[in-house]
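Structure assessment
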Protein chains: 2
Amino acid sequence: MNNLISTPADFAQKNQANHLAELIRFLQIPSISTQPDHAADVAAAADWLAKAMRDAGIENVRVIETNRHPLLYGDWLHAGPDAPTVLIYGHYDVQPVDPLDLWESDPFEPVVRDDYLYARGASDDKGQVYVHIKAVEAYLKVNGRLPVNVKFIIEGEEESGGESLSAFIPANKELLAADIALVSDTGILAPDQPAIVYGLRGMCYMLMDVTGPARDLHSGSFGGGIDNPINALSHIIARLKDENGHVLIPGFYDRVRPLSSDERELLSQLPRDENKWLAEAGAPQLWGESEFTLTERIGARPTLDVNGIIGGYTGPGGKTVLPAKAHAKISMRLVPDQDPQEIAALFQKYVQEIAPPTVKVEISVMHTAPASVTDYSIPAMKAAAAAYEQVFGKRPVYMREGGSIPVVGEFQTYLGLETVLMGFGLPGDRIHSPNERFYVPNFYKGIQTSIRFLEEYAEQM
Amino acid sequence: MNNLISTPADFAQKNQANHLAELIRFLQIPSISTQPDHAADVAAAADWLAKAMRDAGIENVRVIETNRHPLLYGDWLHAGPDAPTVLIYGHYDVQPVDPLDLWESDPFEPVVRDDYLYARGASDDKGQVYVHIKAVEAYLKVNGRLPVNVKFIIEGEEESGGESLSAFIPANKELLAADIALVSDTGILAPDQPAIVYGLRGMCYMLMDVTGPARDLHSGSFGGGIDNPINALSHIIARLKDENGHVLIPGFYDRVRPLSSDERELLSQLPRDENKWLAEAGAPQLWGESEFTLTERIGARPTLDVNGIIGGYTGPGGKTVLPAKAHAKISMRLVPDQDPQEIAALFQKYVQEIAPPTVKVEISVMHTAPASVTDYSIPAMKAAAAAYEQVFGKRPVYMREGGSIPVVGEFQTYLGLETVLMGFGLPGDRIHSPNERFYVPNFYKGIQTSIRFLEEYAEQM
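Residues numbered from 1 in each chain as written. Chains lettered and ligands numbered in written order. Predicted model: local features only at pLDDT ≥ 70, side-chain atom pairs only at ≥ 80, totals over all residues.

**Thoughts on the interface of chain B and chain A**
Applied cut-off: Contact definition: two residues whose C-beta atoms, as placed from backbone geometry, lie within 7 Å. The helix count covers DSSP runs of H or I at least four residues long, the strand count covers runs of E at least two residues long, and both are numbered beginning at the N terminus. All amino acids are sorted into three groups, where Ala, Val, Leu, Ile, Met, Phe, Trp, Tyr, Cys and Pro are nonpolar, Asp, Glu, Lys and Arg are charged, and the leftover types, Gly among them, are polar. By this definition, two strands are paired if DSSP reports at least two bridges between them.
Residue-level contacts link 81 residues of chain B with 80 residues of chain A. Elements with a contribution of two residues or more to the side of chain B that touches chain A: strand S10 (217-218), helix H7 (219-222), helix H8 (229-238), helix H11 (294-299), strand S11 (303-312), strand S12 (321-322), strand S13 (325-334) and strand S14 (360-369) of chain B. Sorting elements by how many residues they give to the side of chain B that touches chain A places S11(B) first, with nine residues. Among the residues making up the side of chain B that touches chain A, the classes are represented as 32 nonpolar, 36 polar and 13 charged. Judged from the five bridges that link them, strand S11 (residues 303-312) of chain A and S11(B) form a sheet pairing that is antiparallel. By the bridge assignment for S11(B), Ile310(A) is matched with Ile310(B).

Structure representation (C-alpha cells):
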C-alpha cells in the first residue's frame with residue numbers, strides 16, 4: 001500500500017477514477033434477466049462480479065448455479081467472535097431497455113454527462129451494489145481487516161421474479177445467518193439530502209386475458225350482437241380503481257396498517273418539492289387519494305396500475321374488427337399488513353364477479369412480494385443515520401419507498417433479519433426507463449457512507 | 001361461338017371451370033390497400049382486372065391514376081336510347097391478413113375445400129365483383145349485346161378509406177350517370193336463402209391517444225402520485241357504451257330514424273337461427289340492446305366498438321411501468337339519419353368532457369361514411385328479387401347489412417342513384433378475418449343472378 005494512505009476513506013477517495021472505470025466495465029454487460037436471449041450476458045456479469053469480489057479481498061466467492069441465473073456468495077468472517085455480521089444484498093441483473101429509440105446514448109455504452117453516468121443498471125442496481133464491494137475493499141487493502149463480519153449475497157433475477165434467491169434463502173439459513181441485512185437498491189431525496197428508507201411496498205402482479213369471439217370478426221357484421229372483449233376489459237379495469245385513486249376490490253384495504261400520527265409527522269418532515277417531483281414525472285398534474293399527502297401516496301399507500309394492455313388491431317391505419325382477445329398486465333403495490341396471496345385471491349374473485357358472462361376472463365398471478373417496514377430506532381438504523389450525516393453533512397430524513405424489494409421480506413421471514421436500506425439513487429435516476437443514470441458524486445459518497453456505516457455499526461453493537 | 005350454346009345463362013354454366021380458374025388467378029395478387037408495401041400489388045391487381053374486363057368485351061376500359069390506388073372504368077353503351085343504364089360497382093383491394101398464423105392455408109394461394117374457395121378477398125370483394133364481369137361477358141359472347149347499358153366503376157381503396165373514389169364521383173357525374181347502381185359487396189342469409197340488402201350502416205372511425213407522464217416510469221416510485229393513461233383510457237371507454245350496448249355519448253341517438261312497425265315486421269321474417277349465428281361468431285353468448293332483436297341490433301341499430309388498444313409494456317413477462325401513453329381505435333356503426341360528422345363532433349366533445357385533467361387526450365377522425373337505406377319497392381329492387389327467385393328457387397328476404405359501403409351514400413348524394421345491393425356472400429365467409437372464403441356454388445349462381453337481373457331490369461323499365 002501507498003503509505004500516504006492512512007484510512008479506508010482516504011483509499012476510496014484516492015481511487016475514485018479507478019472505481020468509476022470499473023463500474024463502467026460492469027455496466028457494459030447487458031445482463032437483462034427477463035429476456036432469454038440475454039442469458040449468456042447475465043452469466044458473464046456474474047463472472048465479472050465474482051472476479052471483482054475476489055480482487056477486493058472477499059473470500060469464499062462462489063458463483064452458485066440455479067435453475068435460471070447464478071447467485072453470487074462471498075464473505076469475510078475474521079472480525080472476531082463478538083463482532084456482528086452484516087449480510088449485504090444487491091443484484092447484477094437489469095431491466096429491459098425498450099423503447100430503445102428514446103435513449104440518448106446506447107444503454108450499454110456508459111457515458112458521463114454533467115456528473116451523471118448514463119447506462120442501464122447504473123443506479124438499479126449495479127452502481128449501488130458496487131459501492132459496498134469497494135467499501136469492503138478499502139478496509140481490506142488499508143487495514144487488512146473489517147470492523148464487522150460481512151457476507152455478500154447478490155442475485156441475477158431481481159428484475160424478473162427472483163425465484164432462485166427465494167428458493168435459496170430458506171434452504172441456506174446457516175450460510176446466510178447474520179445480525180442485520182444491508183441493501184442498496186433505493187434512493188435518497190436529493191444530492192444534499194440523505195434519506196433512510198424504512199419501508200417498502202409489496203407487489204401483486206396479475207395477468208388478465210379476456211376472450212370474446214373465436215376470431216377477429218367484421219365489426220359491421222357482428223357489432224351489436226356480441227360483446228367486444230376490449231370494451232369488456234375496459235369496463236373491468238374501470239371498476240378496479242376509481243378516478244380518485246381508491247382501489248375498489250372488496251377487502252383490499254382491510255389489512256392495511258393505519259399510519260400512526262407519529263409516522264405521518266415523520267413523513268411530513270421529508271422536504272418534498274411537489275412541483276419538482278411532478279416535473280420529473282412529466283405528467284399534467286398530481287393525482288391520487290386526496291386524503292393522503294403525495295409522500296404518503298407514493299410510499300405508504302397501496303396502489304393499482306395497469307402496466308400494459310393490448311388487443312385487436314394495433315397496426316397503422318384502421319381495421320374494423322370486433323377483436324377476439326384483449327390482454328392486460330396489472331400490478332398492485334402493497335403495504336403492511338396486506339398479504340399478497342390474499343390480495344391476489346380477492347382480485348381474482350372480484351374480477352370474476354364483475355366480468356360479464358358475454359366474455360371469458362382468465363386471470364393468473366405472475367408474482368407477489370410482501371411489503372416491509374423496519375423499526376427506525378434499532379442500532380443498525382442509528383449507525384446508518386450517523387454514517388449518512390458524517391458523509392453528506394446533513395441528517396438523513398426517513399422515508400418509505402414505493403417500490404418493492406421482495407428479498408427484504410424474505411430476509412425477515414426466513415433469517416429473522418431486519419434490513420437497513422442504504423440507497424444512493426436519486427428521484428431523477430430514471431430506473432426502468434430510458435436514459436437511466438447514476439449521480440457520480442453519489443457513487444463516491446456511497447462508498448464513503450458504507451465505510452462509515454460498518455464502523456458505526458461495530459461501535460453500536 | 002359454339003352453336004350448342006343458346007343463351008348467356010348456358011354460356012356461364014358451361015364455363016364455370018374457366019371462371020373459377022380466372023378468379024383464383026385474381027386472388028393470388030395480394031392487393032392490400034392499407035399497407036404501403038403492397039402498393040405495387042394493388043396496381044398489378046388493377047391491371048389484371050382491366051385486361052379481364054377488355055377480354056370480356058367491355059369497352060373504353062381505363063385504369064385511372066389517383067393520389068393512391070387506381071380506379072377502373074369501363075362501359076358498354078349500345079343497348080339503345082330507351083334502355084336504362086346500370087352502374088356496377090366493386091373493389092379489387094383486400095383487407096390485411098394478420099394474424100397470419102391463424103390461416104389454414106396461404107391467404108394468397110387460393111384453395112378449394114368442401115366447395116369453399118379459401119383466400120383473402122374471395123368473398124370481399126374480388127369474387128363478387130368478378131360475378132358481374134362474367135355476366136356481362138356471357139351476354140356479349142352469346143348475343144353480341146346487353147339488354148341494358150352498363151358502366152363499371154371499380155376501386156382499389158375500399159378497405160382503406162376510399163378517398164380517391166370519393167373525390168372522383170362528384171368530379172365525374174356525367175361519366176358515371178346511370179339509372180341505378182348495382183353493388184355486390186354484401187351477403188345472403190344461407191346457400192338456399194337469397195336476401196336483398198336494402199340498408200347499410202355508416203361509419204365514424206376515431207383514434208384516441210392518451211398521454212400521462214413524459215416517459216414510462218417506475219410504477220413503484222410514481223404509482224399513487226400521478227394518473228395512469230391506461231387506467232384513464234379504460235375509464236373513458238367504459239363511459240362510451242354501457243354493458244347493455246347503449247352508447248352513452250349525449251345526442252348519439254337523437255337523429256336515429258325510428259324503425260317503423262312495417263319494417264320491424266319485414267325484418268322479423270328473416271329466418272335467423274340465433275344459435276347458428278352465435279356459433280359462427282364463437283362468442284360465449286349473445287349480447288346487446290335487449291329491446292331490439294338480434295337482426296335489428298346487427299343491422300338497423302348503431303353501435304360502438306373498440307377495434308384496437310395498446311399501451312405500456314406488452315412483451316413477455318412483467319414490467320412494472322407506469323406507462324406514458326395508451327392508444328385506442330374506436331369505430332361507430334351508424335344508421336339513418338345520423339350524420340357522421342356530427343357524431344364525430346359529439347364523440348370528441350363528450351370524451352374531452354369526461355377525460356380527467358390528469359392526462360392529455362387527443363382525438364382524431366380517421367374516416368366517416370353515411371348510412372343508407374334503399375326503398376325496396378322500386379323497379380330495380382323488384383328485378384333483383386325476381387332474379388334471385390329464378391336462380392335460387394326461393395323468394396329473397398329483405399335485410400339490413402351491418403357493414404358500411406360508403407360509396408352507396410355517395411352515389412345517392414352526387415349521382416342521385418339508388419343502389420341495389422346484390423350480394424352472394426354468406427355469414428360464415430370470414431371477411432376481414434383469417435380463412436376468408438367464398439362458397440363456390442354462390443359464385444356460379446351469382447353470375448346467373450346477374451344475367452337474370454339485367455334482363456329483368458330491362459323489362460321493368
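**Some words on the relation of the copies chain B and chain A**
Stated precisely, the cut-off is as follows: Superposition of the copies used a least-squares fit over C-alpha atoms from residues whose pLDDT is at least 70 in both.
With an RMSD of 0.1 Å, chain B superimposes on chain A once it is rotated by 180° and translated 0.1 Å along the axis. Overall, the copies show the geometry of a two-fold rotation axis. Of all interface residues in chain B, 99% are interface residues in chain A too; the two copies therefore contact each other through one and the same surface.

**Thoughts on the confidence of the model for chain A**
Defined as follows: The quantity known as pLDDT measures the predictor's confidence residue by residue, on a range of 0 to 100.
Averaged over chain A, the pLDDT score is 95; the fraction of residues at 70 or greater is 99%. This prediction of the complex comes with two scores: 0.82 for pTM and 0.82 for ipTM.

**A closer look at unusual backbone geometry**
For the record, the criterion: Each residue is classed by its C-beta neighbour count within 10 Å, where at least 20 other C-beta atoms makes it buried, 12 or fewer makes it exposed, and intermediate counts make it partly exposed; the C-beta atoms are placed from backbone geometry.
A cis geometry characterises the amide bond from Asp98(B) onward to Pro99(B), with omega recorded as 0°. Here Pro99(B) lies in the loop between strand S3 (85-91) and strand S4 (111-113). Cis geometry is adopted by the peptide bond preceding Asp125(B), which originates at Asp124(B) and carries an omega value of 10°. Position of Asp125(B) among the secondary structure elements: in helix H4 (residues 122-142). Phi is positive for Asn60(A), close to 55°, though the residue is something other than glycine. Locating Asn60(A) in the fold gives a position in strand S1 (residues 59-64). By C-beta crowding, Asn60(A) is classed as partly exposed, having 14 other C-beta atoms within 10 Å. For Arg430(A), which is not glycine, the phi torsion reads 55° and is therefore positive. Turning to its location among the elements, Arg430(A) is positioned in the loop between strand S17 (419-421) and strand S18 (437-439). Under the C-beta neighbour-count criterion, Arg430(A) is labelled buried, with 24 such atoms within 10 Å.

**Description of the pairing of strand S9 (residues 202-211) of chain B**
Across a regular strand the side chains alternate sides, sitting on one face of the sheet and then on the other. All names here are of chain B. Taking burial as the measure, the 10 residues of S9 include seven buried ones, the bulk of the element. The pairing of S9 with S13 spans 10 bridges and is antiparallel. Bridge assignment links Met206 to a residue of S13, and that residue is Ile330. Note: S9 against S14, nine bridges, orientation antiparallel.

**Considerations on helix H15 (residues 440-460) of chain B**
Since the α-helix advances by 3.6 residues per turn, residues separated by three or four positions end up pointing in the same direction. Stated precisely, the cut-off is as follows: The span one expects for a helix is its residue count, reduced by one, times 1.5 Å.
When the terminal C-alpha atoms of H15(B) are compared, their 30 Å separation across 21 residues agrees well with the 30 Å that a helix rising 1.5 Å per residue should span. H15(B) sits mainly inside the fold: 15 of its 21 residues count as buried.

**Here's the deal with the packing of helix H5 (residues 163-171) of chain A against helix H14 (residues 406-415) of chain A**
All names here are of chain A. The line we're drawing: To get an axis, a line is fitted to the C-alpha atoms, and for a helix only the part in contact is used. The angle between two axes follows their N-to-C directions and goes from 0 to 180 degrees. Relative orientations are named as follows: roughly parallel for angles under 35 degrees, roughly antiparallel for angles over 145 degrees, roughly perpendicular for angles from 65 to 115 degrees, and oblique for any other angle. Left-handed describes a crossing whose near helix is turned anticlockwise from the far helix through less than a right angle; right-handed describes the clockwise counterpart.
Taken N-terminus to C-terminus, the directions of H5 and H14 make an angle of 20°; their axes are 9 Å apart at the nearest point. By the angle class used here, H5 and H14 are roughly parallel. The two elements H5 and H14 meet at a crossing, and its hand is right-handed. From H5, Leu165, Ser166, Ile169 and Pro170 reach across to H14, where they touch Val407, Glu410, Tyr414 and Leu415.

**Comments concerning the sheet that holds strand S4 (residues 111-113) of chain A**
Backbone-to-backbone hydrogen bonds pair the strands of a sheet. The strands run either parallel or antiparallel. Residues and elements named next belong to chain A. The antiparallel open sheet is built from three strands, whose spatial order is S4-S5-S18. Every other strand in the sheet has two partners, leaving S4 and S18 as the edge strands with one partner each. Put simply, the sheet's adjacent strands are angled 30° from each other on average, direction ignored. Helix H4 (residues 122-142) rests against strand S5 (116-118) and S18 of the sheet, and its axis sits at about 50° to S18. Across the sheet, helix H15 (residues 440-460) touches S4, S5 and S18, and the angle it forms with S18 is around 60°.

**Structural notes on the domain arrangement of chain A**
Frequently, the measure chosen for interface size is the accessible area removed from exposure when the parts meet. Residue and element names in this part refer to chain A. Defined as follows: What counts as a domain boundary in this text is fixed by an automatic or database domain assignment.
Per the domain assignment, the segments of chain A are domain 1 (8-200 + 371-460) and domain 2 (202-256 + 302-368). Averaged C-alpha coordinates put domain 1 and domain 2 at centres separated by 36 Å. Taken together, the contact pairs six residues of domain 1 with eight residues of domain 2. Across the side of domain 1 that touches domain 2, the residue classes tally to two nonpolar, four polar and no charged.

**Quick word on the environment of Leu266(A)**
Residue and element names in this part refer to chain A. Counting through the fold element by element, Leu266 comes out in helix H9 (residues 261-268). Among the residues examined, Leu266 registers 17 C-beta atoms within 10 Å and is labelled partly exposed. C-alpha separation for the pair Leu266 and Asn60, spaced 206 residues apart in sequence, amounts to 42 Å.

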